Structures are given as structure tokens and as C-alpha cells.
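Tertiary structure, described
Below are the chains, spelled out letter by letter.
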Amino acid sequence: MFENLTEKFDTVFKKLKGRGVLDEENIREALKDIRIALLEADVNFRVVREFIEEVREHAVGREVLDSITPGQQIVKIVHDQLALLMADENNQLKLDGRFPSPIMLVGLQGCGKTTTAAKLARHLKEQGNRVALVSADVYRPAAMEQLKILGNKIDVPVFESGEAENPVKICVDAVEYSRANGFDTLLIDTAGRLHIDQPLMEELARIKAAVNPSEILLVADAMTGQEAVSVAQSFNETLALDGVVLTKIDGDARGGAALSLRKVTGTPIKFLGIGEKIDALEVFHAERMASRILGMGDILTLVEKAQKTIDEKAAKELERKIRKNDFTLDDLKTQLQQIKKMGPLQDILGMIPGAGKIKGLKNMQPDEDELVKVTAVIDSMTKEERAHYKIINGSRRKRIAAGSGTTVQDVNRVIKNYEAMRKMMKKLSKGGMKSFSRGKIPF
Amino acid sequence: MADNGDTGFFSRLREGLSKTRRGFVKNLEEMVVGERVISREFYDELEETLISADMGPVFAANVIEEMKNRAKRNELDRRDALMNVLNDYMLSILEASDKPLRIPKDDLFTVMVVGVNGTGKTTTVGKIASRLKQEGTSVMAAAADTFRAAAVEQLDVWCRRADIPLIKHPTGGDPSAVAYDAIRAARSRGTNVLLVDTAGRLHTKTNLMDELKKIKRIMARELPGAPHETLLVLDAVTGQNALNQARMFNDEIGVTGLVLTKLDGTSRGGIIIRIADELKLPIRFIGIGEQADDLRPFDGREFVEALMSSQ
């Protein structure tokens, strides 16, 4: 996530590093590069202009006296500005205690509203709410069917209505249904529409008037370009949005739309859609996002994600092992088993500070078969071999291959990858992670 | 696929793009009227105009460089000269991409439709199918998106509307198996065109890209040369990431044509020019509305004219 922008900034600040003195000239140069990086990241050009001005003012005003290096100073200023721009304490869903509190999802076609509706329903249900779903999309073929299937998967009832019905009436009926059946939250999935389609925008306004939602969330694709601004403006003017959900952020989009949407709507980004699976929804953290943009990684999210799937103790142990570079083949096996639960390896690596900088990491995603094979190879090792991989010589390798039903080449590859992983962790524990834990910017 | 000679096409395209064109051209005209000498502000404005059309800062810088060079040669001191130069420059970039899809009538022609989530693949398949059917071509569709909930049903609705046979398996099945069955069915029925809809996938997901390679491999094994066309569907609302998408899909599975959808909004789809500039891939269709006949063969001249001409 935000990998490319991160890489960009890394090069930008590498130029500043080691110059000693931060003068007018190198600020200008850095800002020029930052401007291009942000524009390449699809931040709206007006938002970029304001942002650059803000950073310039801060940089010139504060000088470099209280900082260790000019590079750190600039990183901190840009980071703080980014975080400030995206931060909002009110990023929780506000359910107002009505039965039900309706939550309405709106957005362009194909931004991921229906998937997000199901993900949110699951999230709210996990928090103990009694949730129902309804689709007000009478236009897209099989849109209602899609929501029904997703609802079944997560065991959340989907209000049934005819496709020929009026979307406003469907929503009103669904509210009535929720009230009668004791649901405290009703998620309304609306049809995708262009922000310039007046009749359809008016339809949304009518739905709003009829059900008075507690929350109206704009669902937006992280890959959105410059038009994010006019889209957000239109939806906000028509509906007075309460927040934004940013989807498809698990790709390599630089995600500049996040900055634009936040700036234009003035409402918080509340959630991130981070994958196709129905639990791939994350709460938005501005600080973390800013850190991520600047290549400082996101160890907190990593630990949190691990906690959810493993348990806290195991997560702490993993963190300790990574820090101490005390990572054995046994640990590798445990991790590979957890990876299946935690999601793609590249997502996880993206959260580790500095991992984005390591070349070749992007291709390090093992497939499922590979995981099975690696597990078999490690299972065929002795306890001693797993703790001290260096003793695994040629004849041991032959034995392991025979025992695991693989080839010596497979065994070699497992050990080689393991070695590479240890090396990577060593780098991390030396650099990003330690300094991060002391609350400093790794640079 | 031939254009029907629909006289309304150009006006329709213009209408579809007009919301964006108004802003685009107005800016440029305001900039140059009454200004004989081209100022720095002018180039700043031009850069902004190009960037706001999603052409990206790097490409915008290239265009400006080109304009500056021409200004030095005194080719750029009048308004119409400026419009012409910009027009020509865009056109020269689109030249290699201005290649409509030609479908031979004598044998089975297979089209695989790919793209990231939510760009409009299923809708595009539905529209192409309806259009071909209207033209009297025998066409069949295959629902190889076995992942997304109700994707099969969505395509089924399109196919029933247009009275086109659809090959489908239950959701969760192997998409390659659907493609395999579809090719067999299309051959035995003597179908002219087979359209294979695939699940949306982010270009960064290695395992999902491998799945596409497999579908392609199975198709080629059943029918040498298949898929004859691999269409990548891009959303005009997408910014610079569309270039990454095009690059990765092309590197991984080999793209032979592009479709740019959702041009009926305010997005100008300027990224397509950058993609054309860097990858030289043919742009086959543009989508300018929700109806079946709102999918149009791409025409570079009309696209640029609709984008740049004053009213």
C-alpha cells in the first residue's frame, strides 16, 4: 500500500541526506520532487499546491536548529503535514441508538459498494450489533443477488424486495422490517452512479430524506485520479457526507485520492478496503498512513493484524524474534501457517518499516502449494537442524528430501529462502524497527 | 467490429465528453486570447490542464517541452495555431493505438476480457455481445468469473436480453474449465465469436495473474491462436495507476487491445494517451454510457477532436 509513493519519497530524501545544511535551494529541489511524487500519486493538483505551500512555510519558519539532520527535519514536516491533513478523531461510525440506525453507502460504479456493505456488516456484527442489509440497486443486473449471496456468507439477513420497485420505497420498507425484527443497524447499498447524473443524485437525496441515515459514507476507489475532487464535491453537496471508505488499497495505487477526498469533503476516512476477502476491512489511521507514505512502515498494524489471527503472546514473541534476529526454521514453519490466516505475504511485508526498500521482496510471495512443500521439508528436519540450520549438510539434505517427498533442490531452496529472510530481518532490526520503537523517525 | 455508419456517433461522443471538454478548452482559450507572447503563466496553466485530465506530471512536462520548442520556432503565437499543435501532438501519440478490432468471419474468434475489479468487464462483454448479435454475428459468452458473487447472474441477464448463449459453471468453480467448455461448445455450434468474461483482479496479485495465464493456456491448447484478442478494460476515472495496470497485464498475459470505460462522467481519461505513448497498445473501444450501444469503436481523431475542439 502506498508503496510507490514511499519509494519516491525515499529517493527524494536520499538527495537531502548528508548535505548538512538545509538551504533555500535544497528545499526548493525537494519540494519540486515531492510535488511530482504527489501528482504521480494522483493527489489533486489543487490539493498538492496547498500542501506544498504548507510544507514550505513550515520548513522555512522552523529552520534546522533543533533537528539532527536536515533530512529528518523535512521528513518530519512532510509527515506531520500529511498526518494532519488526513487525521480526524471522529473516524468511528456514529450509530445513534435508533432502531435501526441506517448507514448508507454511495459512490460511482465499480468502486466496491456492495463488497464494502458486506464487509461493514460483518465488522459491525463482530462488534455485537444486530445488522441487516438492503440493496437499493434496481439498475445493475444481479446487484441484489450479489448482496444476497454475500449476506448469506456472513449470516446477515438481506431485506428482500422486487427489482421493479422504487429504491426509496425499498429503503423505507427495509427500515420498517429492521424495526419490526429488532435489528439495530441497517446497511443500505445503493446503485453506482455518476456524480453528474442529476436524476440519480436526486434519488439519493430522496432516500436520505426518507430514512434519515445516521451515516452516509462515500465509497471511493484508491486508484481514482484527479476527478476524485469533483466526485467527492458532488456527493458531498447533495448528501452532506459523514465519511469515506477507501477501497482496493491492496494494489499498487499510490492512493493520492485519500488526500484529495479528505481535503474536499472535510469528513474522515473511516475504513480501508484491503482485499477481496470479506474480512479485508481495516480502520483508518492517519498517523500510520502518513508513516506508510513516508516509508516508515506500519509496525502497529502488523502487530494488530497478527494479534487478530494469532494470539497476543505469539505476536509479541514474533516481534521479539524479528528484533533479535533469533528466527529459527521452526518459527518459519509457524509463520507460514499463520500467513494463510493473515493474508498475502506482500501485504504483511508492506507494513514492515523499510521492507519496501528491499529489492526483490515484491516477488517473494509463495503460493499455497509452495507453503505445503516448505512445511513438509521443515517437518522432516530434526530438532537440532531446525534450531541451527548451518549444520544441514549434503547428506542431511538428501535425507530431508527423501523424508518429505521432495527433491534436494527443494530443500536447498527452502534453506536459501530462509537465509534470505534472516538477512532481511537483520536489516530491519538494525534500521527501521529499533528506531521506530524509540519513537524516532528511521532515516 | 465495424461502426454502423451511425451519423449520431460523433455527436454522441462529443456529448459524452462535452462536460469535460468545456472546462478543458475554456481554460486554454482564455489563456491565449489576446496574448501574443507566451508567458510562463501560460505554461503553468497548460501543465495544470493536462494534469487535471489525468495525463500525469511527467507526460505533461513532455508536452510542455514540445510546445516550448515550437514556440521558439515561432509556430505558436496564435490561438488556432496552439490548438492545432496540441491536436497534432496528441494525434501523433494515438496514431499507433488507433486500430479498431477486426473480426474475421470465417473461423471461431475468441476474446478474453480482463482487468482490475470494478472497471466494467462484465458490462463490456454484455455490450460487445449485444452489438455483434445486432450485426448478425453468431456470438457466445463464457462466464469465467466464478469468484465474485452474482457475476454469473449479471452476465446471464445481459445474455438473456440479447438472446445469446452463455456457458457457465457454478460460482467457485475453475474458470479455466469454463473457458474449455465454452471453446468446445462454440466450435460444435459453429459460433463466430466467443467472449470470455474473467474475474476482476488487481494486477499485483501474483496468484490471480497466474490463474489468468492458465485460462489463456487452456484456451490456446483447445484452439491454436486463442485467445485471439485479450482486451484490458480500464476505468476512465482511474488515475496514473492505469499505466501500472496496463503494463503489468501486458507483461503477464499479453494485452492486444484496450477498452476505456465510463467516459460519460467528468473524467477525461487522459491516462490513455500516456498509456498509448508508452505501450503503443491498440485502443479498441470506449464506453460512453450504460446502454448496449454506448460502447463505441475508438477513433483517435474523433477522441482528440472531441477532447480539444471548441464548440
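**A look at the overall build of chain A**
Within chain A one finds 20 helices and 7 strands. When burial is assessed residue by residue, chain A has 57% of its 443 residues classed as buried. In chain A, of all internal contacts separated by at least 6 residues, the share reaching a separation of at least 24 is 74%. Approximately 19,300 Å² of chain A is accessible, and the part contributed by carbon and sulfur atoms is 52%.

**Considerations on helix α9 (residues 228-239) of chain A**
All names here are of chain A. For α9, spanning 12 residues, the distance from its first C-alpha to its last is 16 Å, which sits close to the expected 16 Å at 1.5 Å a residue. Buried within α9 we find Ala-228, Val-229, Val-231, Ala-232, Ser-234, Phe-235 and Leu-239. Packed against the buried residues of α9 are β1 (101-106), α8 (198-211), β4 (215-221) and α10 (257-265). Where α9 ends, the next residue or the one after it, Ala-240, has phi of about 50°, a positive value.

**Remarks on the domain arrangement of chain B**
All names here are of chain B. Domain parsing of chain B yields domain 1 (9-97) and domain 2 (109-300). Taking both partners together, domain 1 and domain 2 bury about 2,100 Å²; carbon and sulfur atoms supply 61% of that area. One can count 0 salt bridges joining domain 1 with domain 2. For the side of domain 1 that touches domain 2, the secondary-structure elements that each account for two or more residues are α1 (8-32), α2 (40-52), α3 (57-72) and α4 (79-94). Ranked by residues supplied to the side of domain 1 that touches domain 2, first place goes to α1 with 8 residues. Looking at the side of domain 1 that touches domain 2, its residues break down into 13 nonpolar, 6 polar and 3 charged.

**A word on the sheet that holds β4(A)**
Residue and element names in this part refer to chain A. In space, the 7 strands of this open sheet follow the order β2-β3-β1-β4-β5-β6-β7, with mixed pairing throughout. Each edge of the sheet is formed by a strand with only one pairing partner; in this case those strands are β2 (131-135) and β7 (281-283). Ignoring strand direction, the axes of neighbouring strands in this sheet form an average angle of 25°. Bridge count for strand β6 (residues 269-273) against β7 is 3 bridges, and the pairing is antiparallel. Following the sheet pairing, Phe-271 is matched in β7 by Val-283. Here α8 sits on the sheet in contact with β1, β3 (185-189) and β4, set at roughly 170° to β1.

**Topic: the interface of chain B and chain A**
Many analyses report the size of an interface as the accessible area lost when the parts associate. Contact with chain B, which involves 43 residues of that partner, is made by 35 residues of chain A. Across the chain B/chain A interface, buried area totals approximately 3,400 Å², and carbon plus sulfur atoms make up 54% of it. Here chain B and chain A share 4 salt bridges between them. Applying the counting criterion to the chain B and chain A interface returns 16 residue pairs in polar contact (both at pLDDT 80 or more). Elements represented by at least two residues in the side of chain B that touches chain A include exactly α2, α3, α6 (151-162), α8 (206-222) and α9 (241-253) of chain B.

**Notes on the side chain of Arg201(B)**
On the secondary structure map, Arg201(B) appears in the loop between β4 (193-198) and α8. At 2.8 Å, the side chain of Arg201(B) forms a polar contact with the side chain of Glu211(B). Aside from chain neighbours lying at most four places away, what touches Arg201(B) is Glu276(A), Gly115(B), Val116(B), Asn117(B), Leu208(B), Met209(B), Glu211(B), Leu212(B) and Phe249(B).

Cut-offs and rules
- Residue numbers here run from 1 along each chain, matching the order of that chain's written sequence.
- Following the order in which they are written, the chains are lettered starting with A and the ligands numbered starting with 1.
- Owing to the predicted nature of the model, reporting of local features is limited to residues with pLDDT of at least 70; listing and counting of side-chain atom pairs is limited to 80 or more, with chain, interface and lining totals taken over all residues.
- Hydrogens and water molecules were not included; the side-chain quantities draw on all heavy atoms of the structure.
- Numbering of helices and strands runs from the N terminus; a helix is a DSSP stretch of H or I covering at least four residues, while a strand is a stretch of E covering at least two.
- Only protein chains enter the calculation, and the probe is 1.4 Å; a residue is then buried if its accessible area is under 20% of its type maximum, exposed if over 50%, and partly exposed in between.
- Residues are treated as being in contact if the distance between any of their heavy atoms lies within 4.5 Å.
- Values of accessible area rely on a 1.4 Å probe in the Shrake-Rupley scheme; residue burial ignores everything except the protein chains shown.
- Multiplying 1.5 Å by the residue count of a helix minus one yields the expected span of that helix.
- Where a domain begins and ends is set by an automatic assignment or by a domain database.
- A 1.4 Å probe defines the accessible area here, and the buried area is the portion of it lost by two parts on being joined, summed over both.
- Any Lys or Arg side-chain nitrogen found within 4 Å of a carboxyl oxygen on Asp or Glu counts as a salt bridge.
- Amino acid classes used here: Ala, Val, Leu, Ile, Met, Phe, Trp, Tyr, Cys and Pro are nonpolar; Asp, Glu, Lys and Arg are charged; the rest, including Gly, are polar.
- In this scheme, strands are said to pair when DSSP sees at least two bridges between them.
- In this analysis, axes come from line fits to C-alpha atoms, helices being fitted only over the stretch in contact, and the angle between any two N-to-C directions falls in the range 0 to 180 degrees.
- Here a polar contact is taken to be a pair of N or O atoms separated by no more than 3.5 Å, where protein atoms must pair a possible hydrogen donor with a possible acceptor and residues adjacent in sequence count only if both atoms sit in side chains.

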